[in-house]
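Residue-level listing of the chains:
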Amino acid sequence: MDTSRLPQEKRQRCEVWTRVMGYHRPVSEFNPGKQSEHNERVHFVESVIPEMPCACARDK
């Protein structure tokens with residue numbers, strides 16, 4: 001059973017903020033053109049890099 005989903009009646013809208021020209025602003029306050037541009041953005045996804053042992057551990 002998938003317990004990660006909430007029933008529709010318990011869900012609430014999430015306000016998305018983004019940084020624009022050095023300050024933070026809710027996307028809901030953007031004009032229609034800027035909202036369209038925001039929806040087309042490609043978000044950065046960081047890949048996991050295996051942790052490497054530090055140099056000090058090799059010297060022992």
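The present account deals with the structure reproduced in this document. The model shown is predicted, which means the values in this text are computed figures rather than measured ones.

### A closer look at the overall build of the protein chain
Right, so step 1: Along its length, the protein chain carries 2 helices and 2 strands.
Right, so step 2: Across the protein chain, helices and strands are ordered from the amino to the carboxyl terminus as β-β-α-α.
Right, so step 3: When burial is assessed residue by residue, the protein chain has 10% of its 60 residues classed as buried.
Right, so step 4: Only carbon and sulfur atoms are counted for the fraction: they give 53% of the accessible area of the protein chain, which is about 6500 Å².

### Looking at the layout of surface pockets
Right, so step 1: The space that makes up the largest pocket amounts to roughly 160 Å³.
Right, so step 2: If you go around the largest pocket, the residues you meet are Arg13, Cys14, Glu15, Val16, Val27, Ser28 and His38.
Right, so step 3: Classifying every residue of the lining of the largest pocket by side-chain character gives 3 nonpolar, 2 polar and 2 charged.

### Let's talk about the pattern of salt bridges
Right, so step 1: For the coordinates displayed, the defined rule picks out 1 salt bridge.
Right, so step 2: Here Lys34 ties to Glu37 by a salt bridge, and the two come within 3.3 Å at their closest N and O atoms. Within this pair, Lys34 and its partner Glu37 are both found in helix α1 (residues 32-40), separated by 3 residues, close to a single helical turn.

### A word on the pairing of strand β1 (residues 17-20)
Right, so step 1: Only one face of β1 is covered, namely the face carrying Thr18 and Val20; the face carrying Trp17 and Arg19 is uncovered.
Right, so step 2: Alignment of β1 against strand β2 (residues 23-26), held across 4 bridges, turns out to be antiparallel. Residue Trp17 lies in a different strand from β2, and its bridge partner there is Pro26.
Right, so step 3: Between the antiparallel neighbours β1 and β2 lie 2 residues, among them Met21 with a positive phi of about 50°.

### Brief notes about the environment of Val27
Right, so step 1: In this fold, Val27 is placed in the loop between β2 and α1.
Right, so step 2: The exposure class assigned to Val27 is buried, which follows from its relative accessible area of 11%.
Right, so step 3: Here the alpha-carbon distance between Val27 and Asn39, two residues 12 residues apart in the chain, equals 9.8 Å.
Right, so step 4: In this structure Val27 touches Val16, Trp17, Thr18, Gln35 and His38, once residues within four positions along its chain are discounted.

Rules behind the numbers
- Numbering of residues begins from 1 in every chain and follows the order in which that chain's sequence is written.
- Only residues with pLDDT of at least 70 are given local features in this predicted model, and only at 80 or more are side-chain atom pairs given and counted; all residues enter the totals for whole chains, interfaces and linings.
- Hydrogens are left out, water is left out, and the side-chain values use all remaining heavy atoms of the structure.
- In this text, helices come from DSSP runs of H or I with a minimum length of four residues, and strands from runs of E with a minimum of two, each type numbered from the N-terminal end.
- Whether a residue is buried, partly exposed or exposed follows from its accessible area with a 1.4 Å probe, protein chains only, as a fraction of its type maximum: under 20%, in between, or over 50%, in that order.
- Per-residue accessibility takes into account occlusion by the displayed protein chains alone, with areas from the Shrake-Rupley method and a 1.4 Å probe.
- In the cavity and pocket records, a cavity denotes points on a 1 Å grid over the protein atoms alone where a 1.4 Å probe fits but cannot get out, a pocket denotes an open set with protein on both sides within 12 Å along at least 5 of 7 lines, and lining residues are residues with an atom within 4 Å of a point.
- Grid points are joined across faces, edges and corners, and a volume is the space filled by probe spheres set on the points.
- Here the term charged refers only to Asp, Glu, Lys and Arg, the term nonpolar to Ala, Val, Leu, Ile, Met, Phe, Trp, Tyr, Cys and Pro, and the term polar to all other amino acids, Gly among them.
- Any carboxyl oxygen of Asp or Glu that lies within 4 Å of a side-chain nitrogen of Lys or Arg is treated as forming a salt bridge with it.
- Note on pairing: two strands pair once DSSP finds at least 2 bridges between them.
- Residues count as neighbours in contact if any of their non-hydrogen atoms are within 4.5 Å of one another.

The values reported here are purely geometric and, on their own, carry no functional implication.
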